[in-house]
Amino acid sequence: MANSPGSNPISHGSSLGAPLLIPSKEPGWDSGPGSEPQKVCIDDMLQNYCGEFGYWQLKHFVLTSLAWALEAFHTMVMIFADRDPGWRCVGGLGCDEKESNVCGLEPGSWEWEGGPGSSTVAQWGLVCGQKYKVGLVQALFFGGCMIGAGVFGHLSDSKLGRKGSLTAVCILNAIFGCLTSLAPDYSTYLLLRFVTGFSTGGVGLCSFVLATEPVGPTKRGVAGMSTFYFFSTGIALLSGIAYIFPSWRALYVASSIPSILFLVLVVPFISESPRWYLVRGKMNEAMKIMRTIANANGHHLPDGVSLALDDEANDASNGNQIWKAATVEKEAISGSIVDVIRSPITRIRLFLAVGINFTCSVVYYGLSLNVVNLETNLYLTVLLNAVAEMPAFTITAVLLDKFGRKPLAIGTQWFSAIFCFMGSLTGNVGISKVIRMCCGLLGIFGMAGTYNLLFIYTAELFPTVVRNAALGSATQAAQMGAILAPFVVILGGGFPFLVFGVCGLIGGMLASYLPETLNKPLYDTMTGLEEGELA
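Reading the values: rules and limits
- Along each chain, residue indices are assigned from 1 in the same order as the chain's sequence is written.
- Owing to the predicted nature of the model, reporting of local features is limited to residues with pLDDT of at least 70; listing and counting of side-chain atom pairs is limited to 80 or more, with chain, interface and lining totals taken over all residues.
- Side-chain figures throughout are based on the complete set of non-hydrogen atoms in the structure, without hydrogens or water.
- Numbering of helices and strands runs from the N terminus; a helix is a DSSP stretch of H or I covering at least four residues, while a strand is a stretch of E covering at least two.
- The cut-offs for exposure are 20% and 50% of the maximum accessible area for each residue type, with area from a 1.4 Å probe on protein chains only; residues under the lower value are buried, those over the upper are exposed, and the others partly exposed.
- Note on contacts: a residue pair is in contact if any heavy atoms of the two residues lie within 4.5 Å.
- Using the Shrake-Rupley algorithm and a 1.4 Å probe, accessible areas are obtained, with residue cover drawn only from the displayed protein chains.
- By this rule, a helix spans an expected 1.5 Å times one less than how many residues it contains.
- Criterion for a salt bridge: a side-chain nitrogen of Lys or Arg within 4 Å of a carboxyl oxygen of Asp or Glu.
- A residue's pLDDT is the predictor's confidence in that residue, given on a scale from 0 to 100.
- What qualifies as a polar contact is a pair of N or O atoms within 3.5 Å, subject to a donor-acceptor requirement within protein and to the restriction that residues adjacent in sequence count only when both atoms come from side chains.
- When two rings of Phe, Tyr or Trp (its six-membered ring) have centres within 6.5 Å they constitute a pair, described as stacked for plane angles under 30 degrees, edge-to-face for angles over 60, and tilted for the intermediate range.
- Sitting over a ring, as applied to charges here, requires NZ of Lys or CZ of Arg to be within 6 Å of the ring centre and within 35 degrees of the ring normal.

With that out of the way, let us pick up the overall build of the protein. Within the protein one finds 20 helices and four strands. Counting the 535 residues in the protein, one finds 58% classified as buried. Here the contacts in the protein between residues at least 6 apart in sequence split such that 81% fall between residues at least 24 apart. Of the roughly 20,200 Å² of accessible surface on the protein, 66% is carried by carbon and sulfur atoms.

Next up, the structure:
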C-alpha cells in the first residue's frame, strides 16, 4: 500500500505538497491567539507532524506482521500432514521396493515408514483410488480461505475493524487447529480443515492492512513488501517444527500453539488503524492514536491540527470551505463491493486484480505443494523454497519505487513463467531432477515477488472505505486459484509446470492493463478517488 513522493501537490496525500490548510469553525481547535486551525489528511499529518516510519510504526508493524507466520503455519502444514511418508516391504511375497507405488502390492506385504500416524495419507489410506482425497482436503481448505477473506474483509471495513477482525481469526485458528489433531476420521478432518481455512483467510488480509495503514506514504511501499518476510519465515520455521513433530496429530497442535501465544503476548500491544477510525467517524480515537504516534516518534502534534477525509480536503482545495459544525464525532462513511463495481474506475481495476490474483495463486501455491512430486528431501525442499522467496521480496522492494508497480507485476510473472515452462520440459531422474527442482525454486522466486507486490498494488488501487472489501475480493480470487492448485499437483510429471507457466504468462498480460499507482495518493473515499483521478 505504498505511495511515493512526486504526486500532484494539489491532490490529497501528496508527499511533496504542504499540508492542506482548511479553516474550521469548530470551537476548541484554535492553537492560540491569532492562529488558524488546520484540518489535514492522515498522510499529510504523518509526513509533517507525526513521522512516517518512526519507533511507533516499527514496533506496530513488527508485532502485527507476526500474524503472517501464523497464516503460514496453518496453510503450509498440509504439505507435511498430508504427505506420502514412503513405504517399505516387510518380507512377504508380492512386494518389490522397486515399484513406484503400493497400488499393485499384496496387502500385508508392506508398511508405511513411521507408522500409520505419520501422515493423514498413512492414517486413512489415501493412495491409489483414494489419492484424490488429498487434493480435495487441500482444495476445501482454500475454499474456506476464499469465503473467510470475503467475510472478514467486510467485517474489518465495518463493525469489527482491523484489529477486532485479526483477533477473531486468530482465536478461531487456535481452536480449529487443535481440534483438527483430534479428527477421528477423514470426513471430520475434511470439515475441520475447511473451517480452519475460513478463519485463515482473514489473517493475512487484516494483518497487512493494519500494519501498513499507519505508515507514511513514502515508506508504505517498502513496509508493505516487508510483511511477506514473516510469511516466508513462518514456512521455514514450519519445516523445522514438522521435522521435530513427525506425527501429523502432534504437528497440528504444535502449529496451532503460536496462535494462542500471539493472542496473549502480542494482540494487547497492537493498536487499531487510525484510518479505520476516521472513516467510521470516530475522530477522537483517530486523533488519540495520531498523538501517540507523534509522541513515540519524538515529534509534536499541535493542538490546532485535526484530521480530515480526502473528499473534504478536495472540496476545500476547490474553494468549498463549508464544514459541518462539531465534527469531533462524524457520521461513519461506509462502502461495499457494490460501490466498487458501480464505479467505472474501480470496476475495471477489480476485474483485472481478481484475474491476476487467481493466476498468481495457482502458480505460487502450486509450486509450493508440488515439492511432493520432486522426490527430494521434503523438509529441505520446503526450507529452500521459503528461503528463495526472501530475495524476491528484497529485490522487488528495492525496485518498487524506481520502476513502479506495473512493470514489476508484469516482469515477475513472466520471469516465473519462463522457468515453469523449462521445468515442464525436464525429466525427474538424475541430474534432470536437480534441474527441475531449480526451475521450481526460480519459479517460486519470481511469483513470490508478484504475490507480495499484489497486496500493495491492489490496496493502492482502492480507497480506504472499500480497501479491505476490494482486497478481500482479490484474496478470494487468489483462494480460487489455490483451490485449483492441489488438483494440478496430483497429476504429477511435467504437466503442473506447464499449467503454472501458462498462468504466469496470462497474469502478466492482465497486469499490463492496470494503471500505475506509483506517486499516486492513497485515497480515503470513493469520491476522493474519483475526483483525484479525473483531476
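Back to the write-up after that little detour.
For the rest of this paragraph, the subject is helix α16 (residues 405–425). With 21 residues, α16 should cover 30 Å at 1.5 Å per step; its first-to-last C-alpha distance of 31 Å lies within 8% of that length. Those residues of α16 that are buried are in contact with α14 (344–369), α15 (378–403), α17 (431–460) and α19 (495–511).

Let us look at the pattern of salt bridges. According to the stated counting rule, one finds six salt bridges in the structure shown. Glu213 is the partner of Arg162 in a salt bridge, and the nearest nitrogen-oxygen pair spans 2.8 Å. On the criterion of sequence distance, the pair formed by Arg162 in helix α5 (residues 161–180) and Glu213 in the loop between α7 (203–212) and α8 (220–244) is long-range, its members being 51 residues apart. Residue Glu460 pairs with Arg405 through a salt bridge whose shortest N-O separation is 2.9 Å. On the criterion of sequence distance, the pair formed by Glu460 in helix α17 and Arg405 in helix α16 is long-range, its members being 55 residues apart. Overall, the relative accessible area of 6% leaves Glu460 in the buried class.

Let us look at the confidence of the model for the protein. Overall, the prediction assigns the protein a mean pLDDT of 82, with 86% of residues at 70 or greater. Between the elements of the protein, mean pLDDT differs from a low of 55, seen in helix α12 (residues 310–317), to a high of 96, seen in helix α9 (residues 248–265). Taken together, the stretch residues 1–35 has pLDDT below 50 and engages in 110 contacts with residues farther than four places along the chain or on a different chain. Contacts of residues 321–329 to residues separated by more than four positions or lying in other chains number 23 contacts, the stretch itself having pLDDT below 50.

Attention shifts here to the side chain of Arg467. Take Arg467: it is sitting in helix α18 (residues 464–491). Taking the relative accessible area as the measure of exposure, Arg467 reaches 0% and is therefore buried. Separated by 3.1 Å, the side chain of Arg467 and the backbone oxygen of Ala459 make a polar contact.

All right, on to α18 then. Here α18 is 28 residues long and its end C-alpha atoms lie 42 Å apart, about the 40 Å a rise of 1.5 Å per residue gives. Burial within α18 is extensive, with 21 of its 28 residues counted as buried. One or two residues past the end of α18 sits Gly492, with phi positive at roughly 70 degrees.

For the structure on display, the rule yields 26 aromatic pairs. With centroids separated by 6.0 Å and ring planes inclined at 75 degrees, the aromatic side chains of Tyr189 and Tyr252 adopt a geometry described as edge-to-face. Placement of the pair is Tyr189 in helix α6 (residues 186–200) and Tyr252 in helix α9, with a sequence separation of 63 residues. For the pair Tyr243 and Tyr379, a centre-to-centre distance of 5.5 Å together with 90 degrees between the ring planes defines the contact as edge-to-face. Residue Tyr243 is located in helix α8, and its partner Tyr379 is located in helix α15; the two are separated by 136 residues in the primary sequence. We classify Tyr243 as exposed; its relative accessible area is 61%. Pairwise contacts between aromatic rings join Trp68, Phe141, Phe142, Phe208, Phe228, Tyr229, Phe231, Tyr364, Tyr365, Phe393 and Tyr451 into one cluster. The ring of Tyr186 is capped by Lys133, whose NZ or CZ atom sits 5.2 Å from the centre of that ring.

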